[in-house]
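What follows is the residue order along each chain.
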Amino acid sequence: MPPKADKLQQNIEGIKSFLNRKLIYYPELSNTISKINNIESILSEKKLTLQIIGNQEYLTQAIFDLISKNQEFTQGYKIKYDLIPDIPKETKPEYIYKLKVANYDDYIEEIELKNEDIYTLGRCPDLNLVIDGNIYRGISWKHAEIKQIVNKNDEKKWQIKDLNSSNGIYVNGHKIIDSYILQSNDLITLANDQLNSTIAGYIFTEEIIIDDNNLNNAYYDVINCDLLLLVTEYKANLSQEITDFLTTLDITKISKQFLILDVDEDKKENNLDETINNYQSWLDTQNFDYKIDFFPVDLKPYYEEDYQGELSKTMQKRLDKFIKGLGNVIKRQPENILAKRLSLDLIPLVSPLEGILVKEDEEFKEKITALQIKLQEITAKNWKDITKKSLGEVKEEKEKFFKQIKSDLTQGKAAILDNFSKKSIICQIQNFVEELQPIIFKKEGQFYVKLGTSQGDNNTDLNEIIIKFSTSNMEKWALKEWDKILNIYGNDGLNGLLNRCYDIINIIPKLFNESPFHPPSELDIKNNFMVSFMGIESDIRHKQVSMAGYIMKSIRSNMMQIMMMATMIFALLGQKMGKNEMFGQLSKVFKQFPFLLGLAIFALIFFLITSYNQDNNLKLEEASEKLKKEVSSYYQSFSKNLLEKIIQDINLALEYEANRIDNSLEIIQETYNEYIIDMEKQQIQVKANLDNFREKEKNLSKEIVEFKKLIRN
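Residues numbered from 1 in each chain as written. Predicted model: local features only at pLDDT ≥ 70, side-chain atom pairs only at ≥ 80, totals over all residues. Heavy atoms only, no water.

Asker: A description of the pairing of strand β16 (residues 292-297) should follow, citing residues and the corresponding values.
Answerer: By the criterion of burial, β16 is predominantly enclosed, with six of the six residues buried. Across the two faces of β16 the burial is the same, with I292, F294 and P296 and D293, F295 and V297 all buried. Sheet topology places strand β15 (residues 256-262) next to β16; six bridges connect them, and they run parallel. Opposite F258, over in β16, you have D293 as the bridge partner. (Buried < 20%, exposed > 50% of the residue type's maximum accessible area, 1.4 Å probe, protein only. Helix = DSSP H or I, 4+ residues; strand = E, 2+ residues; numbered from the N terminus. Pairing = 2+ DSSP bridges.)

Asker: Describe the pattern of salt bridges, naming the residues involved and giving the relevant values.
Answerer: By the definition in use, this model includes 19 salt bridges. Measuring nitrogen to oxygen at the nearest pair gives 2.8 Å for the salt bridge that ties R500 to E397. Taken as a pair, R500 in helix α15 (residues 489-505) and E397 in helix α12 (residues 383-416) lie far apart in primary sequence, 103 residues in all. (Salt bridge = Lys/Arg side-chain N within 4 Å of Asp/Glu carboxyl O.)

Asker: How would you explain empty space enclosed by the protein if you had to name every residue and give the values?
Answerer: Here the idea is plain: a probe the size of a water molecule rolls over the atoms and shows the empty space left. Under the defined criterion, the tally for this structure stands at one cavity of 30 Å³ or more. If you add up the space inside the largest cavity, you get close to 30 Å³. L498, F517, H518, E657, R660, I661 and S664 are the residues that line the largest cavity. Sort the elements by how many residues they give to the lining of the largest cavity and helix α18 (residues 594-712) lands first, with four residues. Here the residues of the lining of the largest cavity are counted per class, giving three nonpolar, two polar and two charged. (1 Å grid on protein atoms, 1.4 Å probe; cavity = no way out; pocket = protein on both sides within 12 Å on 5 of 7 lines; lining within 4 Å. Points joined across faces, edges and corners; volume = space filled by probe spheres on them. Nonpolar A, V, L, I, M, F, W, Y, C, P; charged D, E, K, R; others polar.)

Asker: Outline the nonpolar core, listing residues and values.
Answerer: In terms of nonpolar packing, the biggest core is built from 140 residues, with Y77, L229, I260 and F517 touching the most fellow members. Apart from the residues lying within four places of it in its own chain, the contact partners of F517 are V394, L498, C501, Y502, I505, I661, S664, L665 and I668. Counting 24 residues, the second largest nonpolar core, distinct from the first, contains V101, L113, Y119 and A144. (Core = buried A, V, L, I, M, F, W, Y, C linked by side-chain atoms within 4.5 Å. Contact = heavy atoms within 4.5 Å.)

Asker: With reference to specific residues and values, describe the sheet that holds strand β5 (residues 118-122).
Answerer: Strand order in the open sheet formed by five strands is β6-β5-β7-β8-β11, and the pairing between neighbours is mixed. Strand pairing shows two members of the sheet lacking a second neighbour, β6 (129-130) and β11 (179-181), which therefore form its edges. Looking at chain direction, strand β8 (residues 156-162) and β11 are connected through three bridges and run antiparallel. Bridge pairing in β11 places I160 opposite Y180.

Asker: Tell me about the layout of surface pockets, and name the residues and values.
Answerer: Approximately 610 Å³ is the volume attributed to the second largest pocket. Around the second largest pocket, the lining comprises 18 residues; the ones closest to its centre are D193, K374, E377, P509 and K510. Where the lining of the second largest pocket is concerned, the elements lending two or more residues are β10 (174-175), α11 (334-379) and α18.

Here you go:
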């Protein structure tokens, strides 16, 4: 086999072997392999393709008959004949852009994007691309916008823009900032970098549509040959159709071109030689990129039936020269000519694979870069030390907080029991009891004194009133103190501590989407107020004497003072008399002036009643003060005791919260440990993947070099 054909055969075998190795990854290559097998089959036949064309069908058939009568030609040529085809018009490809709605791993819908339209995606029902917020999470009211733009090179491109969405836009797993120019097969996900059944996703595609009628035009079938033979009837000049064909002829695959002019010798035109010279001159002045052999011959013997004449020696000589020219082609290693055309047929079949390989190589490089970045991110920080330090800071913060809380709570307790503070429970009980009024009532024939409100009655239970007052104030104090513990004491309280702790431990992105520390519980002190408290005796006997008894007692105890007063009066009047005489004189005066007796009696009664009331009021006040003192002292002690129970409940609640923080820290420690183990596994896996991709990329680079070498040859 000649060198060129032999080299082509070797290249075909190498390319087929290469494609067969890639067939498992690219099943579509089976069609390419089939076409290459066809090229190999043509090469093995060793027949050149001779294409006859003309503007008259009888002339193309005549040339066909002429050549077919030669056995050497039928063995060396595959002969075809056609009329001159239309020259294809230049057409531009049409681009179709689509947005395929992706549902996890299945495409369920596609939208063809119109050049002038703007597509807005979001939950708003007025948009042209509405996304159901009940199905897909994280979608904003107006999330994204897709529209066509013209770049600085006047190229039309499609752009996706973030409309200040809450959760962002991701293209191929990477979050975009503001906007991004879309490329074919880009994966768009909204609100998440990974596609799943709850994440809205789209595939942007670009399709190029080329007119198949133009690609399959008969013109390309005609010029896909080794030898082209153009035959035309005799005219003064070449027809416009033929001149257009020749001036636009693509001879990339054609190795030899012939122009045959049918000359009817019997007509003996006077200007035959001049016409032939005009044809030759025209060919010489066209400056074609190719050489065309011109043969004026008489074809009448091959298209006229029962032709009986003979060609002149000149015409026969021209015909023999034409036949010899065709024969020389197949005598001079025609396989090399065939190899030239088949090589050109082979290139478009395998050239696209180079792009696939290069793209695959680029993808490997991108994956390697991404894995290197990921490995760097994984190994950039010593998470064991960082998490250990984080947990240590939380524990230190916790111990500091609860130590401070005990101090603040002690101060709060001291303040509520401060005898000199108007806000203390001691002072409040004292003031409350002082405002109570004494109430006298009769029980079992005896008078008693009890304390009550100004609106109260004899049946009101003093203990119930003061217990309610004391417990109500203590409950208010306890809840207010608990609120301070939650929000004020110890630098923003327990809530502030939990927030600070969350900030300290939340050092690994996306590990804790919410705080692992439980919100503080409500303070439950109701049990302290639901018991039946023992009260104090709330009344005291009031030893009140009768008016008559008080008068007799007063007269008896004051008789001597009365007599001494009367003696002094009479002495002042200058009279000295005994007791009997004194009473006689008084009787004489009262008889003479009877109104004086009434006045004296009235004055005495008034004096006695006033004295009686004052004495009763004094005794009532003494009894009331004694009772108030006893009640106040009792309920002050009662409140102190109740306060101790409340403080005990608060301490238990704080101990419970401290334990809950410790439990949360154990969970956090376990989560950290799981994360670190997972990172270590990822590190091992990423390193393995990185080594694997590097090896694949290395092998692929070798294959690309091998492939380029094959197609160059």
